[in-house]
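Okay, here's what each chain looks like letter by letter:
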There are 4 protein chains.
Amino acid sequence: MERYIHKVRYYESDAMGITHHSNYIRFMEEARIDALDRAGYGFEKMEADGVSSPVVSLSVNYRRPTKFQDKISIELKALDLDSVKVRFAYKMYVGETLVCTAESTHAFYKNGRPLPLSQLYPELCEKLAAEQ
Amino acid sequence: MERYIHKVRYYESDAMGITHHSNYIRFMEEARIDALDRAGYGFEKMEADGVSSPVVSLSVNYRRPTKFQDKISIELKALDLDSVKVRFAYKMYVGETLVCTAESTHAFYKNGRPLPLSQLYPELCEKLAAEQ
Amino acid sequence: MERYIHKVRYYESDAMGITHHSNYIRFMEEARIDALDRAGYGFEKMEADGVSSPVVSLSVNYRRPTKFQDKISIELKALDLDSVKVRFAYKMYVGETLVCTAESTHAFYKNGRPLPLSQLYPELCEKLAAEQ
Amino acid sequence: MERYIHKVRYYESDAMGITHHSNYIRFMEEARIDALDRAGYGFEKMEADGVSSPVVSLSVNYRRPTKFQDKISIELKALDLDSVKVRFAYKMYVGETLVCTAESTHAFYKNGRPLPLSQLYPELCEKLAAEQ
C-alpha cells in the first residue's frame, strides 16, 4: 500500500524537544483515513451509508524518538477483514529507521449493528487486500 | 468574576520548553465556558434552546512565556452585551504577573438569526454585569 | 491511590460529538504526572536529578464513548517497580461506568543508563506500593 | 508567495462538525515556518545562529467555518521587516472563498537582543519582499 507521509509540526513537539507520544495516535488516524479515502471509501461515503466506525482498542510501541520536521512515512496493513473487528497494523519510518509500530482495532456499525467489513464493503476489502 | 484556573499540561509545552501559543486560545474557551456554565447557561442549555455561538474574531497579546505546571488564573469580563457581537476580555496571570491579555468576539444565533445576548438571555447578562 | 479527575474540554470532542480517542493518552499522562507529583517526585525533581523517562509502549481499550463536560475519574496503579520497565495501569470511569482501561510502560534513565524505579527512587516506590 | 496548503484533519474538527477555531493559529505557524524554510531560514538555521523568535501578538477574523477534509490554502505576506516587530498577514481560502484572515507579530532575538529582521537576515528579507 502507498505509504502515508506525516511531517512533524512544531506544535507536535514537547518540552523534551521530541514529538509528543500522543500525536502518533493522530498520525495513525491520518494514515487510515487516507487509505480508505484513496480506495473511495472516505468518511463522507460511510456517513452517507449510515456507517459509523468507532476505535475499539489500540497499542503502540515507541522505538525511536522523532522530532520537528521529521517526515514519518507510515506503512499500513488491514487485517481480519472478515471479522467484526478489523485490525490495522502500522509501521512508521523516518528514512530507513523504524521509529514506531502500532495496531488499532475498529468496529463498523450499520444501523446500530456491527458487520464484518468484508460483508459491508466487499470491494473495499478486495482493494485493501490487493494492495498489501 | 471568579477567576478560572488552568494548570499547564506537559503536552501543552513546546520544544522551547514554554506553553505553545496556540493553547491560550483553548484556555480562553475554557474560562468562557466555565463562566457561562456557572451562571447556568452552559452548552447543554444553549443547545436545547437552539442557540449556537460561533467565534467571530480574537486577538491575543503574549506578555510573558508560561511553562508546564504554571497555574494560569484567568480574569474574564463580558462586554457589549447589548450588541449582536458580545466581547469577552481576558487577563491571564501567573501569581501576580500578567502573562497574557486577550479578547474574543462572539455572535449568538437563534433559529439562524443573530440576537444581542441581552435580548436572548437578559438574566444571564444581569449576572455577568453584576459579577464584574 | 487518590483518583485523578479530568473534565472533558469542548476542544477535546470531535465531529462525532465524542471525546477524540487520541486525548485519552493525554489524560493518562496527566494522571501519571499528578501521582508522581503528589508523591514528591515531579518533573522538576527528576530533571534536577538528571532522570529522563520516555514512554516505551501503551495500549488502550475504549469501552464507552465520553463527551464534553464528562468528569473522567482515573484510577492508577504502578506495577513492575523492580523492573527497568515500569508499567502503569489505568481504569477510567464516568460515574460508576468503566469507560476505558489502559496500560503504559516507561523506562527511567539516569546518565543514559536504564534503572529499575525501585533502585532509583526506593522511597517513591514504597509510597506508590502503599497507596494501592 | 507560494501558497501553503493545510488539509483539515478529522481530529481538528469539533463537536459542531467544524474546524475548531484554535487550530487556525497552528495553521498560521505551519505556513510561516514553511515560508521561512523554503527561503533557507528554517528553525535549524535560526537555532544554530542563536536566534529565537517569540510570538508577540496575533489577531484572527473567522469569516466562514471550514470542516474535515477542506484544503485551506494560505497566502502569507511579511510586513515591517525593518522594525523589531515583524508582522505576518494571512489570507486563508477554501477554493475561492476567503474563510479567515489573520495577523501575527514576532520579535527576533539574537543573544538576548531584539533586532530588525532586515538587519539580522538581509537576504531573507529580500527574498520575502521579492515574492510578494
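Just so you know, these numbers come straight off a predicted model, no measurement behind them. Counting restarts for each chain, with residues numbered from 1 along the sequence as it is written. Lettering for chains starts from A, numbering for ligands starts from 1, and both go in the order in which the items are written. With the structure being a predicted model, the display of local features is reserved for residues of pLDDT at least 70 and the display and counting of side-chain atom pairs for 80 or more, all residues being used for whole-chain, interface and lining totals. To get the side-chain values, all heavy atoms of the structure are used, and hydrogens and water are removed first.

Student: I would appreciate a short explanation of helix α4 (residues 122-131) of chain B in the present structure.
Tutor: Residues separated by three or four positions in an α-helix point in the same direction, a consequence of the helix having 3.6 residues per turn. Residue and element names in this part refer to chain B. Residues of α4 that are buried include every one of Leu-124, Cys-125 and Leu-128, and no others. Down the axis of α4, the sector holding all buried residues measures 100 degrees, keeping them to one side. The outward face of α4, more than 90 degrees from its buried face, is lined by the exposed residues Glu-123, Glu-126 and Ala-130. Contact criterion: two residues are considered in contact whenever any of their non-hydrogen atoms come within 4.5 Å of each other. Numbered from the N terminus, helices here are DSSP runs of H or I no shorter than four residues, and strands are runs of E no shorter than two. Elements that come into contact with the buried residues of α4 comprise α1 (23-38), α2 (43-48), β4 (71-79) and α3 (117-120). Only protein chains enter the accessibility calculation, which uses a 1.4 Å probe. A residue is then buried if its area is under 20% of the maximum for its type, exposed if over 50%, and partly exposed in between. It is the directions from the helix axis to the C-beta atoms that the arc portrays.

Student: Help me out: how do you make sense of empty space enclosed by the protein in this one?
Tutor: A water-sized probe, rolled over the atoms, reveals where empty space remains. Buriedness for pockets is judged along seven lines, at least five of which must meet protein on both sides within 12 Å for an open set on the 1 Å grid over protein atoms alone, while cavities are sets there where a 1.4 Å probe fits but cannot get out, and lining residues have an atom within 4 Å of a point. Grid points are joined across faces, edges and corners, and a volume is the space filled by probe spheres set on the points. Applying the stated criterion across every chain yields a total of three cavities of 30 Å³ or more. Taken as a whole, the largest cavity holds about 340 Å³ of empty space. Lining of the largest cavity is provided by 27 residues; of these, Arg-26 of chain A, Arg-26 of chain B, Asn-23 and Arg-26 of chain C together with Arg-26 of chain D occupy positions nearest its centre. Put simply, the parts of the chain that give the lining of the largest cavity at least two residues each are α1 (23-38) of chain A, α1 of chain B, α1 (23-38) of chain C together with α1 (23-38) of chain D. No other element matches the three residues that α1 of chain C contributes to the lining of the largest cavity. All amino acids are sorted into three groups, where Ala, Val, Leu, Ile, Met, Phe, Trp, Tyr, Cys and Pro are nonpolar, Asp, Glu, Lys and Arg are charged, and the leftover types, Gly among them, are polar. For the lining of the largest cavity, a count of residues per class yields five nonpolar, 12 polar and 10 charged.

Student: Even after reading the chapter, I still don't get the interface of chain C and chain A, so can you show me in this structure?
Tutor: Quite often, the size of an interface is put as the accessible area lost when its parts meet. Counting residues at the interface gives 16 residues for chain C, matched by 16 residues for chain A. In short, buried area is how much 1.4 Å probe accessible area vanishes from two parts on joining, totalled over both. For the pair chain C and chain A, the summed buried surface comes to about 1,600 Å²; carbon and sulfur atoms form 56% of the total. Looking at the side of chain C facing chain A, the largest losses of area belong to His-21, Arg-26 and Leu-58 of chain C, adding up to 30% of the total buried there. Salt bridges are defined by distance alone: a side-chain nitrogen of Lys or Arg within 4 Å of a carboxyl oxygen of Asp or Glu. Taken together, the links from chain C to chain A amount to zero salt bridges. Pairing of N or O atoms within 3.5 Å defines a polar contact, subject to two protein rules: one partner must be a possible hydrogen donor and the other a possible acceptor, and residues neighboring in sequence count only if both atoms are side-chain atoms. For the pair chain C and chain A, the number of links is 10 residue pairs in polar contact (both at pLDDT 80 or more). Counting residues per element, the ones that place at least two in the side of chain C that touches chain A are α1 and β3 (55-62) of chain C. It is β3 of chain C that provides the largest number of residues to the side of chain C that touches chain A, a total of eight residues. The residue inventory of the side of chain C that touches chain A, partitioned by class, reads six nonpolar, seven polar and three charged. Taken together, the five bridges between strand β3 (residues 55-62) of chain A and β3 of chain C define a ladder with antiparallel strand orientation. Residue pairing in the sheet places Ser-57 of chain A in a bridge with Asn-61 of chain C of β3 of chain C. Two strands form a pair only when DSSP identifies at least two bridges running between them.

Student: Before we go on, may I ask you to explain the sheet that holds strand β2 (residues 51-52) of chain D in this structure?
Tutor: Strand pairing in a sheet relies on backbone hydrogen bonds, with the paired strands running either antiparallel or parallel. Pairing is antiparallel in the open sheet, where three strands are placed in the order β2-β7-β8 (chain D). Single-partner strands in this sheet number two, and they are β2 and β8 (113-114) of chain D.

Student: Quick question: what am I supposed to make of the interface of chain C and chain B here?
Tutor: On the side of chain B, 16 residues touch chain C, which itself brings 16 residues to the contact. Buried area between chain C and chain B, both sides added, is near 1,500 Å², and the carbon and sulfur share of it is 51%. If you look at where chain C meets chain B, you find two salt bridges. The residue Arg-9 of chain B makes a salt bridge to Glu-30 of chain C at a minimum N-O spacing of 3.5 Å. At the junction of chain C with chain B, the criterion picks out nine residue pairs in polar contact (both at pLDDT 80 or more). Residue contributions to the side of chain C that touches chain B peak at five residues, all from α1 of chain C. In the side of chain C that touches chain B, the residues fall into six nonpolar, two polar and eight charged.

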